[in-house]
Each structure stands twice: as structure tokens, then as C-alpha cells.
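Now for the letters of each chain:
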Amino acid sequence: MNKSLLKEKIAQAHGIMKEKAIDLWLTFVRESDTIRDPALQLILGKGVTWQSAFVITATGATCAIVGSLDVANIESTGLYRRVTGYVAGIKEPLIELLREHDPAKIAINTSKNDVMSDGLTHGMYCLLMDMLEGSPYKERLVSSEDLMAALRGRKSAGEIALIEKAVAITEDIFTHVTGSLKRGYTEKEVASLINAETAARNVVPAWDTAHCPAVFTGPESAGAHASPTERVIEGGHVMNVDFGVKYEDYCSDLQRTWYFLKEGEEGPPQEVQKAFETVKEAIEKAAEFIRPGMEGYRVDEVARGHITAAGYEEYPHGLGHQVGRSTHDGAGLLCPRWERYGLLPFLKVEEGQVYTLEPRVTLPRYGVLTMEEIIVVTPGGCRFLSHPQKELFLVAR
């Protein structure tokens, strides 16, 4: 737990609440080591046992109401000026706190669109409704999604530095692993090489270790979001690896592509090289286009249009997601206006947001070609936090 960054995010929350006209933000949780509200990553960094309320107001107040045996743990964070313990039940102190501040608008963590703003479980929501019955506050509840989107998305300089460090470690791992690759390895063996390099650097994978790293080789591979298999890498295969690390609680998420030369080949087939260049150009065009204030779907359209104009099928996912405390961080996406994305394609790009750019081309005879780069949005465009892959990695052994 980085206390300075948590304090920074709580201070940022006060300002965003004023901007969004939210008077009070209520994070209502229990047994958070089992079911963790994503908001706790930003405002607590620890877990609680019993029903607990973490309250932040636009006027600068920070209050926590927790089970009596959790009080010392929460006080030790130094994040909440007032920590109230209870024994029999949380209802009375919670209502008392709401009466004290009498907020006109109370944000709670429910959202149809943004998973990071949807941490209030249905059971806890029902409990909260029961507790607020008969009070005026039941009718003053709104979704925290606007607040959370801004709080998670607008990265501070300290957050960006940690993401950049995670990216640098990941790139270094890719460099070391590339020198060890050869035909005849299985996807699992490549994953083992990456895992060994990760452990040597005292970091951990950025997401589920079952498919971080994800290794996909050849035309029969799953292509995304699946565990490495015993599939053997052969000459003529394209291999794609999706991987990231977590460094001091901040993540990277990168993809790189290799081509394994057949015996006698001196370079990749023209078909493979063209696909690689098309993906690279799509990333470059999206990076040149992105600006604060534009809807995310417009950035996706630039990359997607370049891919399809080159004669390839459009990729079956969004161009990019945000990265931060989680590999899929924040609400806004660079994605098409598909039903599965809800209202997220229409959210505006903001300065300080960190996005991936990850278009792809699938070649039926070779495999998936894709690079995943990471950018941070600047006042006039963006800056790469990763070093974009400019050439197809070739393996001759």
C-alpha cells in the first residue's frame, strides 16, 4: 500500500466531486478480501471484515464507519480523519453521519456501464436501501461512475511513473526471452521462460497467472485470453505474446509478435510482413489522432478503418483500454459502438488517461499479428510509455 498515492487520490476525489456536483461519496463494503470493491484500491489499500462505510465529501471530509475490531487497522492508514467503530450495527452511525452532512447527491458504486464503478454487491445494495428507508437520503443516490471514471482515469505524475516502470520491466523481459526462443518450443515452454524472467525481477504477472503470459502460435491458436498449451512452434508460425507485470501495484499490458523462419528462409513471407506493417501503421495513426475531448470510438475508427482498408477483417474487440491499478482500468475505452460496450465508446478522452493501442490482423495460414502499446494522453495528443515494436521479431533457430 502506497500511502502517499492513496492520499493523493483521495485529495483528487474531493476536487472531482465538486466538478461533478456530487456532495458525498459512499463506498459500502464487507468481507472485502473475498469480494473487493475496485474503489478500495484508490481510497483504502486494505481490507475490512464487517459492514463498513467509507465516506468522502466534496468539502474535504473523510470518515470511516467500521466494525469495532477493524478500527485500529483503518486508523493505521492515516487516510480518514474520523474513524467510528460499532458493535451491534452500522445503521445508526451511518444515518447520523448522513444527517450531519445532509448531502443533496450521494454517489454509490453501482454502474450499468463501468465494471470499476460497480463494486456495490446486490446484497449490500439491498441492505443499504433497508437502512435508508424512511430517510430522505434513499432518494438522493446516484451512480459513482462519473466520479470513478475521472478518478481512475486521470493519472497523477506518480502513477504514470509507476506504470512506465512496469512497462520498462516488461520490455526487458521480452528482450531477454527473444534471445532464447527457437523452433520446437511449446507455448507452455515459452511461458515458463517469461515466468522465470519475471520472478528474477521480483515482480508478479499483471493479471490471472493462468493466461499471463498468454502465448499464441500458429494458425490454430486461441488467439486471445487463453492459457498456453502444448502446441509446438514450427517454422512458418507467427507467435504473439500478451503479457504484463505489476510493479508497486501498477500494471503494464503489452503484446509483441515474432515470426519463426522456416529452414532456408531469410525473412518473413510478404503476406506476413504486410500484415505487420498494417498493424504498426494503425497504431501510429491512432496515436497521431487521439486528443483530449474526443469520444473514444473515434480513435478506434481510425485504426479499424486502416486495417479494413488494407483488405483485412476488422478485429473483434476494441482498440484500447485504460491501464493503471488494474490492466483494465477506468471507464473510457477506445472501442466501437457495439452493444457490449454500452455507453463507454462515447466517453471523452481526458488528459492523464493511460491507454493501450492493440489492433490485430489474423492470417489464416500463419497466426495472429498484433502489437499492444501503451500511451498517456497529453494536452496536445499523447506520449508513448512503451517503445513501439517497429520490426517483426525473427527467430531463425
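Since the model is a prediction, treat every value here as computed from it, not as a measurement. Along every chain, residues carry numbers that run from 1 in the direction the sequence is written. Per-residue local features of the predicted model are confined to residues with pLDDT of at least 70, and side-chain atom pairs are confined, for both listing and counting, to 80 or more; whole-chain, interface and lining totals are unaffected and use all residues. Side-chain calculation: all heavy atoms of the structure are included, whereas hydrogens and water are not.

Visitor: Sorry if this is basic, but what is going on with the side chain of Glu358 here?
Guide: By definition, any uninterrupted DSSP run of H or I lasting at least four residues is a helix, any uninterrupted run of E lasting at least two residues is a strand, and each is numbered from the N terminus. Its location among the elements puts Glu358 in the loop between β13 (354-357) and β14 (360-363). Buried charged residue Glu358 carries no salt bridge. Nearest counter-charge: Arg360, at 5.6 Å. Whenever a nitrogen or oxygen atom comes within 3.5 Å of another N or O atom, the pair is scored as a polar contact, on the condition that within protein one atom can donate a hydrogen and the other can accept it, and that pairs from neighbouring residues in sequence are kept only if both atoms are in side chains. Here the side chain of Glu358 touches Gln255 through a polar contact of 3.1 Å, side chain to side chain. There is a polar contact of 2.9 Å between the side chain of Glu358 and the side chain of Thr356. When a residue's accessible area, from a 1.4 Å probe over protein chains only, is under 20% of the maximum for its type it is buried; when over 50% it is exposed; and in between it is partly exposed. In this tally, Asp and Glu contribute negative charge and Lys and Arg positive charge; neither His nor the terminal groups of the chain are included. Salt-bridge detection follows one rule: a side-chain nitrogen of Lys or Arg within 4 Å of a carboxyl oxygen of Asp or Glu.

Visitor: Please clarify how the nonpolar core should be interpreted in this entry.
Guide: Here the nonpolar core consists of buried residues drawn from Ala, Val, Leu, Ile, Met, Phe, Trp, Tyr and Cys, with membership extended through side-chain atoms lying within 4.5 Å. Core analysis: the biggest nonpolar cluster contains 36 residues, and Leu181, Val190, Met239, Val241, Phe243, Trp258 and Val354 have the highest contact counts within it. Elements that contribute at least two residues to this core include exactly α7 (157-178), α8 (187-200), β9 (238-243), β11 (250-251), β12 (254-260) and β16 (373-378). When residues in this core are grouped by element, the largest group, nine residues, is from α7. Counting 31 residues, the second largest nonpolar core, distinct from the first, contains Tyr259, Ala275, Leu319 and Val361.

Visitor: Please explain the environment of Ala166 as it appears in this structure.
Guide: On the secondary structure map, Ala166 appears in helix α7. Spatially, the C-alpha atoms of Ala166 and Arg82 are 35 Å apart, while their sequence positions differ by 84 residues.

Visitor: Is there a simple way to think about the sheet that holds β13 in this case?
Guide: Sheet strands associate in pairs through backbone hydrogen bonding, adopting either a parallel or an antiparallel arrangement. Note: two strands are recorded as paired if DSSP finds a minimum of 2 bridges between them. A sheet is described by the order of its strands in space; here three strands give the open sequence β13-β16-β17, paired in antiparallel fashion. The sheet is open, and its two borders are formed by β13 and β17 (381-384), each paired with just one other strand. Between one strand and the next, the sheet's axes are offset by a mean angle of 40 degrees, whatever the strand orientation. Summarising the sheet, β13 and β16 pair through four bridges and their orientation is antiparallel. By the bridge assignment, Tyr355 is partnered in β16 with Ile375. The axes used here are C-alpha line fits, helices contributing only the stretch in contact, and every angle between their N-to-C directions lies in the interval 0 to 180 degrees.

Visitor: Which parts of the structure should I look at to understand the state of the cysteines?
Guide: A disulfide bridge is the covalent bond that connects two cysteines by way of their sulfur atoms. The disulfide definition used here is simple: a pair of cysteine sulfur atoms within 2.5 Å. A complete count under the given rule lists zero disulfides for this structure. Cys382 supplies the cysteine sulfur nearest to Cys335, a cysteine that is in no disulfide, at a spacing of 18 Å.

Visitor: Is there a simple way to think about helix α5 (residues 122-132) in this case?
Guide: Each α-helix turn comprises 3.6 residues. Residues three or four places apart therefore point the same way. Along α5, the residues that are buried comprise Met124, Leu128, Met129, Met131 and Leu132. End-on view of α5: buried residues confined to an arc of 160 degrees, all on one side of the axis. Along α5, exposed side chains directed more than 90 degrees from the buried face belong to His122 and Asp130. Contacts: residue pairs with any heavy atoms within 4.5 Å of one another. Looking at the buried positions of α5, the neighbouring elements they touch are β1 (24-29), α4 (91-101), β5 (106-108) and β6 (141-143). Where α5 terminates, the next one or two residues include Gly134, which has phi positive at roughly 90 degrees. In this description, the arc belongs to the directions extending from the helix axis to the C-beta atoms.

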